[in-house]
Amino acid sequence: MALMDEFQAEREEIKKAPFKKRFDYFWEYYKWWVIGGVIAVIAIAMTIRSFVTHKDDVLYIAMINAIEISEDGTVATIKEPFLEAHDFNVKKNDLLFDIDLKMNISSISHKEANPIPAEYTDYVSITNSANSRQTLSVYIAAGSVDLMVSSENWFDEYGYGGFYLPLSEVLSAEELEQYSDRLYYLDQAVRDRYEKASDEMNYEYNEVYPDPYDLEAMEAPVAYGLIVDENTLLNKNFAFVTEGKEDKIVLGFVANGQNVQLAHDLAIYLLTQ
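Now for a look at the structure at hand. It should be emphasised that the depicted structure is a prediction, and the values quoted were computed from it without experimental measurement. (Residues numbered from 1 in each chain as written. Predicted model: local features only at pLDDT ≥ 70, side-chain atom pairs only at ≥ 80, totals over all residues. Heavy atoms only, no water.)

By volume, the second largest pocket amounts to about 350 Å³. Around the second largest pocket sit 13 residues that line it, and Val228, Glu230, Asn235, Asp247 and Lys248 are the ones nearest its centre. Grouping the amino acids of the lining of the second largest pocket by side-chain chemistry returns four nonpolar, two polar and seven charged. (1 Å grid on protein atoms, 1.4 Å probe; cavity = no way out; pocket = protein on both sides within 12 Å on 5 of 7 lines; lining within 4 Å. Points joined across faces, edges and corners; volume = space filled by probe spheres on them. Nonpolar A, V, L, I, M, F, W, Y, C, P; charged D, E, K, R; others polar.)

Rendered as structure tokens:
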């Protein structure tokens, strides 16, 4: 009882003490309860906010070495107009332009096949590049990636690796004719040889990638990419770090993407607006 009497006496004394002393007393005895309570409130608030503001991505666009440059932002210039035109709720749906994929060209597996320009300056560390490539590979394997946009070297790397659909499987004959001056070609014969080497686990196989614009030098030219013109909506919103040369930017449709028709519509929208 003596201990309880002492505690009661201390409480009575604190009640009559100045505010600062009462605050110091309170903080000494209850600060961890307060901190824990604040953390709990913040966690609950963040969970509720995340639930309320979460949007479903209707398309995933992998943007290799891209930087957003639009002053108005992609929401006003690309996302809302496109989503509304396709009857999506802009409050619940989104287009994911992933610009976190930073890749160093010196990490390309087939360097002899895709020579690194002598004047190339490293853009990102090899470690970060490997992480980005691994992340993208996981997303592609899961069928989550619909479109990929990159410079020529990266398009070749993924194109000859078998990651893209031929444009003839996505665009109509009229569209192929309409965009004939924007078609980016791969040599199907070379692509098939790389696929055979991969199936045989011959990862040392190297063959120089043909010039995408010299169709006569190719054994079997097939259009796999669409070249992004400088004045298109895509280039007005994003800039791309290229490999020390005047690389063109190329868009491709990922072979196991789940939303081919919608990806087609977005590609046309980005390239014609």
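This part covers helix α3 (residues 73-85). Residues that lie three or four places apart on an α-helix share one face, since the helix turns once every 3.6 residues. Compared with the 18 Å implied by 1.5 Å per residue over 13 residues, the 18 Å span of α3 between its first and last C-alpha is a close match. Of all bends in α3, the biggest is about 40 degrees, found at Lys79, and the proline Pro81 comes one to four residues later. Against the buried residues of α3 lie β1 (56-64), β2 (66-68), β3 (93-101), α8 (233-237), β7 (238-240) and α9 (260-272). Phi turns positive, to about 65 degrees, at Asp87, one or two residues after α3. (Helix = DSSP H or I, 4+ residues; strand = E, 2+ residues; numbered from the N terminus. Expected span 1.5 Å × (residues − 1). Bend = angle between axes of the 7 residues up to and from the residue. Contact = heavy atoms within 4.5 Å.)

With that settled, the discussion passes to the environment of Arg193. For Arg193, the position within the fold is in helix α7 (residues 188-199). Relative accessible area serves as the criterion here: at 30%, Arg193 is assigned to the partly exposed category. Sequence-distant contacts of Arg193, that is, excluding residues within four places in its chain, are made with Tyr205, Glu207 and Glu219. (Buried < 20%, exposed > 50% of the residue type's maximum accessible area, 1.4 Å probe, protein only.)

Purely geometric numbers; function is a separate question.
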